[in-house]
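# Structural description and commentary
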Amino acid sequence: MMKRLQAAFRIFFTSAYYSYIALFRWFRPAQYMASKIVMPLAQILFFAFLGMYASGRDQASFYVIGNAVQLAAINGIYGVTMSVGGERWAGTLGYMFGAPANRMLVFVGRAFMHIIDGMLGVVLGLMWGVLLLGVDLSRTDVGALALTILITAASTSGMGLLLGCLSLITRNVMFINNTVYFLMLALCGANVPVSSLPGWVQRISYVLPLTRGIASARDIVDGASLRSVGPMLVGEVLVGAVYILLGYVLFRQFEIQAKKRGTLEVM
Amino acid sequence: MTSKRLRSYLRTIGQVFVLQFKQLAIDGFIIFTVLVQPLLIAILGLWMMREQQGNYAIFIVVGSGMTGLWSSLLYISGSNINVERWLGTLEMLVGTPTPLAVTVIGKTLSNVVMSLSSMILGYVLAALIFRFPLTLAHPLLFVVSLICSVAAFAAFGLVIAPFFAINLQLQSWNNALEFPMYILAGFMFPIALLPGWTTPISYALAPYWAARALHATSSGNVPLSEVFLSWGMMLLFSVIYLLLSGWLFRVMVHKARVDATLSLQ
């Protein structure tokens, strides 16, 4: 039993680490900076200034927190999707599905490093907000905020795992990824309060990851306790779990169908 | 340049324009960049500004269209040369008697004209779906501003294509360069909101003058002298960009031949 557990840990962490390294093998420090520091900063500033133009400078905090937490979707959507779909482009799907390793561990492992990287991105985003736009974190329960960021990054990665499976069956996954990312910017409350959206749009907002995470982060920065945002965080965990489950079912279906039809490597 | 050669170049530009347009029209990434992203930014902008008084809808529609114009310039025009390299056709293009720059002019014009569709779609969306009363304050001046903007953006595209071809690593900075231009050029909000030290940077960017002219002629809240100033600045920048791009093309082709890197991936 102990041996099997050790093997499971090894498979999970090794595949998580190598899939992340493989994805960024072409990266150099300057390029990493462009993607992880300059681009997120520019995105936060753009929406914060647009928001301030719309509703005044005193609303900067609303936009900074919303867009900083939204940054988890850069890793969650793009990174995780490419970690799953990249196997097809690298021609390694056959090896992955030929190995006896537990599929759930291999599948969820693809998201692990992106959750950590995504959290780092959110923290950097908040830091920019504090330094450049004067966001006040003095009343923030740091532990509660860290937990919120972790849960949000994980639930967003759940969406990424589902989209990653789509990348195994379609060539236009970047179109889907980009559209989902921008829809989340509009629907998850990063820039527009969810309560102000039409009822049918709100229903969509609440089946997406990020929505509850962004709302929790705003409440925590305003001084709310972990207990008071607990129900929202539980909801965020559940939404993420549903996406992971859906993604895993699709992943297994893809494997079964591809093996049956001999279409594993078909582009 | 003889008139025969000029006709030949114009024919090449026309042919490349049509071919490029057909290729772009079926590319999912391009459809997103030119249509979906500006549309989502327009919806977001309209929703965020709904409490504002005044004619803000036309400002948002024009501004979001300009985000599409810039993003397509950055992603598509920026890779106009590199995409030929990836397809293995750059050697042939450099080897033909028609200068590479002529081919790239056709491609860049096609990209810029296609990306104007984002502005049209944003207009239709705001007018028909959101039912905003959209009127152009100075329609004729707006059209002239649009023509000047196309020329300025196309000239800018002719600079970044050889620049990215010379510096392959820079292309991965595309994502990081998208939003800064939205901010500094004042596409969606006035640059007066930004810290004062950024203003000279905005003044040095042709897209800023394009945004200023298009916003002024569509919203009509500035004197005409400002519009003429913007046109003049766009013209000035177009000339500077063309001179710079001519030099960059010569450097790029020479360097690629000397280093034998035309097909370098």
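Residues numbered from 1 in each chain as written. Chains lettered and ligands numbered in written order. Predicted model: local features only at pLDDT ≥ 70, side-chain atom pairs only at ≥ 80, totals over all residues. Heavy atoms only, no water.

## Things to note about the overall build of chain A
How we decide: Helix and strand assignments follow DSSP, with helices taken as H or I runs no shorter than four residues and strands as E runs no shorter than two, numbered in order from the N terminus. Each radius of gyration is computed over the set of C-alpha atoms, and the globule rule expresses the reference value as 2.2 Å times the number of residues to the power 0.38. Each residue is placed in one exposure class: buried if its accessible area under a 1.4 Å probe, protein chains only, is under 20% of its type's maximum, exposed if it is over 50%, and partly exposed if it falls in between. Any two residues whose heavy atoms approach within 4.5 Å at even a single point are treated as in contact. What sets the accessible areas is the Shrake-Rupley method with a 1.4 Å probe; for residues, cover comes only from the shown protein chains. His is not counted, nor are the chain ends; Lys and Arg add positive charge and Asp and Glu add negative charge. Lys charges are placed at NZ, Arg charges at CZ, Asp charges at CG and Glu charges at CD.
For chain A, the helix and strand inventory stands at 11 helices and zero strands. The N-to-C order of helical and strand elements in chain A reads α-α-α-α-α-α-α-α-α-α-α. Scaling as 2.2 N^0.38, a compact globule of 267 residues should have a C-alpha radius of gyration of about 18 Å, and chain A matches this with 19 Å. For the C-alpha atoms alone, the extent of chain A along its principal axes is close to 60 × 40 × 40 Å. With 267 residues in all, chain A has 52% of them scored as buried. The contacts of chain A with a sequence gap of at least 6 include a subset with a gap of at least 24, amounting to 80%. Working note: accessible area of chain A is about 12000 Å², and carbon and sulfur atoms make up 69% of it. Within chain A, the 10 negative side-chain charges are centred at a point lying 14 Å from the centre of the 20 positive side-chain charges.

## Remarks on the packing of aromatic side chains
For any pair of aromatic rings, geometry is given as the distance between the ring centres together with the angle between the planes. The following threshold applies: Each Phe, Tyr or Trp ring (for Trp, its six-membered ring) is paired with any other whose centre lies within 6.5 Å, and the angle between the two planes then decides the class: stacked below 30 degrees, edge-to-face above 60, tilted in between.
The full count for this structure, using the stated rule, is 32 aromatic pairs over all chains. Each ring, one from tyrosine 78 of chain A and one from tyrosine 181 of chain A, has its centre 5.4 Å from the other, and the planes form 50°; the classification is tilted. A residue pair is termed long-range when its members are at least 10 positions apart, and tyrosine 78 of chain A in helix α4 (residues 72-90) and tyrosine 181 of chain A in helix α8 (residues 173-187) qualify at 103 residues. Relative to tyrosine 182 of chain B, the ring of phenylalanine 179 of chain B has its centre 5.1 Å away and its plane inclined at 70°; by these criteria the two rings are edge-to-face.

## Brief notes about unusual backbone geometry
Even without a glycine there, the phi angle at leucine 210 of chain A is positive, about 85°. Leucine 210 of chain A gets classed as buried once you look at its relative accessible area, which sits at 0%.

## Examining the nonpolar core
Going by this rule: Only buried residues count toward a nonpolar core, which is a set of Ala, Val, Leu, Ile, Met, Phe, Trp, Tyr and Cys residues joined through side-chain atoms within 4.5 Å.
By size, the foremost hydrophobic cluster in this structure holds 126 residues, and its most contacted members are Phe46 of chain A together with Met66, Trp70, Phe153, Phe187 and Phe189 of chain B. In terms of residue count, the dominant contributor to this core is helix α2 (residues 29-55) of chain A (13 residues). Contacts of phenylalanine 187 of chain B, omitting those with residues within four sequence positions, involve Phe59, Gly63, Met66, Thr67, Trp70, Phe153, Met181, Tyr182, Pro207, Ala211 and His215 of chain B. By size, the runner-up hydrophobic cluster in this structure holds 16 residues, among which are Val84, Ala101, Phe107 and Leu161 of chain A.

## Notes on the pattern of salt bridges
Heads up, the rule is: The term salt bridge refers to a side-chain nitrogen of Lys or Arg lying within 4 Å of a carboxyl oxygen of Asp or Glu.
Evaluated as defined, the whole model comprises five salt bridges over all chains. A salt bridge links glutamate 255 of chain A to arginine 103 of chain A, with the shortest nitrogen-to-oxygen separation between them at 2.8 Å. Placement of the pair is glutamate 255 of chain A in helix α11 (residues 226-261) and arginine 103 of chain A in helix α6 (residues 103-133), with a sequence separation of 152 residues. Exposure class is identical for glutamate 255 of chain A and arginine 103 of chain A. Each is buried. In this structure, lysine 107 of chain B and glutamate 84 of chain B form a salt bridge, with 2.7 Å as the shortest nitrogen-oxygen distance.

## Some thoughts on the interface of chain B and chain A
Convention followed: Summed over both partners, the accessible surface that disappears when two parts come together, traced with a 1.4 Å probe, is what is meant by buried area. Polar contacts here mean pairs of N or O atoms no more than 3.5 Å apart (in protein, one a potential hydrogen donor and the other a potential acceptor; neighbouring residues in sequence count only if both atoms are side-chain atoms). Classification convention: Asp, Glu, Lys, Arg as charged; Ala, Val, Leu, Ile, Met, Phe, Trp, Tyr, Cys, Pro as nonpolar; all other residues, Gly among them, as polar.
Facing 30 residues of chain B, the contacting portion of chain A comprises 32 residues. Between chain B and chain A, roughly 3000 Å² of surface is buried when both sides are summed, and carbon and sulfur atoms account for 78% of that area. For the pair chain B and chain A, the number of links is zero salt bridges. Here chain B is connected to chain A by one residue pair in polar contact (both at pLDDT 80 or more). Taken together, the elements giving at least two residues each to the side of chain B that touches chain A come down to α2 (28-48) and α8 (174-184) of chain B. For the side of chain B that touches chain A, a count of residues per class yields 23 nonpolar, six polar and one charged.

## Focus on a nonpolar patch on the surface
Rules: Patch criteria: residues need more than 30% relative accessible area and no salt bridge. Like-charged residues are merged within 9 Å; nonpolar side chains of Val, Leu, Ile, Met, Phe, Trp and Tyr are merged within 5 Å.
On the surface, Met1, Met2, Leu5, Phe9 and Phe13 of chain A cluster together to form a nonpolar patch covering roughly 600 Å² of accessible area. Note on leucine 5 of chain A: relative accessible area 41%, which makes it partly exposed.

## Thoughts on the side chain of serine 149 of chain B
Residues and elements named next belong to chain B. Here serine 149 shows up in helix α7 (residues 139-166). Take serine 149: its relative accessible area is 1%, and that puts it in the buried class. Among residues more than four places away in sequence, those in contact with serine 149 are Ala210, Leu214 and Met234.

## Notes on the packing of α4 of chain A against α6 of chain A
Relative orientation and spacing of two packed helices are given, respectively, by the angle between their axes and the distance between those axes. All names here are of chain A. Rules: Angles shown run from 0 to 180 degrees and are taken between the N-to-C directions of axes, each axis being a line fitted to C-alpha atoms and, for helices, limited to the stretch in contact. Note on angle classes: values under 35 degrees are labelled roughly parallel, values over 145 roughly antiparallel, values of 65 to 115 roughly perpendicular, and the remainder oblique. Should the near helix be turned anticlockwise from the far one by less than a right angle, the crossing is termed left-handed; should it be turned clockwise, right-handed.
At a minimum axis separation of 8 Å, α4 and α6 run at an interaxial angle of 155°. As the angle between them shows, α4 and α6 are arranged roughly antiparallel. Here the hand of the crossing between α4 and α6 comes out right-handed. Between α4, through Ala72, Asn75, Gly79, Val80, Ser83, Val84 and Glu87, and α6, the contact on the second element is made entirely by Arg110, Ala111, His114, Asp117, Gly118 and Val122.

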